[in-house]
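The residues making up each chain are set out below.
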Amino acid sequence: MPRKSKDSKDNRANQLNPNNRLHSQNKGNQNNPNNNAYWQAKGYPKRPDDWKERSRG
């Protein structure tokens, strides 16, 4: 089994850190129906064309 580099360990720690800027941006994107990340978190491959109607209900 290959050893993980120090960089990969640091990257994982950054991903798990709730104070990390990228973590905050991703969380914000997942809460924004205008963003593809929102729809991907709900199981869609991308934002649907009728996203405005779907996000109202």
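What you are looking at is a predicted structure, and each value in this text was computed from that prediction instead of being measured.

Each value, and the rule that gives it
- Residues numbered from 1 in each chain as written.
- Predicted model: local features only at pLDDT ≥ 70, side-chain atom pairs only at ≥ 80, totals over all residues.
- Heavy atoms only, no water.
- Helix = DSSP H or I, 4+ residues; strand = E, 2+ residues; numbered from the N terminus.
- Buried < 20%, exposed > 50% of the residue type's maximum accessible area, 1.4 Å probe, protein only.
- Areas by Shrake-Rupley, 256 points an atom, 1.4 Å probe, with all protein chains shown as cover.
- Salt bridge = Lys/Arg side-chain N within 4 Å of Asp/Glu carboxyl O.
- Phe/Tyr/Trp six-rings, centres within 6.5 Å; stacked < 30°, edge-to-face > 60°.
- Lys NZ or Arg CZ within 6 Å of the ring centre and 35° of its normal.

**Let's talk about the overall build of the protein chain**
Scanning the protein chain for helices and strands turns up 4 helices and 0 strands. Listed by position from the N terminus, the elements making up the protein chain come as α-α-α-α. For the protein chain, the residues scored as buried account for 11% of the 57 residues in total. By element, 44% of the accessible surface of the protein chain is carried by carbon and sulfur atoms, the whole surface being about 5200 Å².

**Things to note about the pattern of salt bridges**
Throughout the structure, instances matching the rule amount to 1 salt bridge. As a salt-bridge pair, Asp50 and Arg54 come within 2.8 Å of each other at their nearest N and O atoms. Relative accessible area serves as the criterion here: at 30%, Asp50 is assigned to the partly exposed category.

**Section: the packing of aromatic side chains**
Taken as a whole, this structure holds 2 aromatic pairs when the rule is applied. When the ring of Tyr38 is compared with that of Trp39, the centres are 5.0 Å apart and the planes differ by 75°; the resulting orientation is edge-to-face. For Tyr38, a relative accessible area of 15% corresponds to the buried category. Residue classification places Trp39 among the buried positions, given a relative accessible area of 3%. Each ring, one from Trp39 and one from Tyr44, has its centre 5.2 Å from the other, and the planes form 85°; the classification is edge-to-face. Taking relative accessible area as the criterion, Tyr44 reaches 32% and is therefore assigned partly exposed. Ring-pair connections join several aromatic residues into one group, and the members of that group are Tyr38, Trp39 and Tyr44. Over the ring of Tyr38 we find Lys42, and its NZ or CZ is 4.7 Å from the ring centre.

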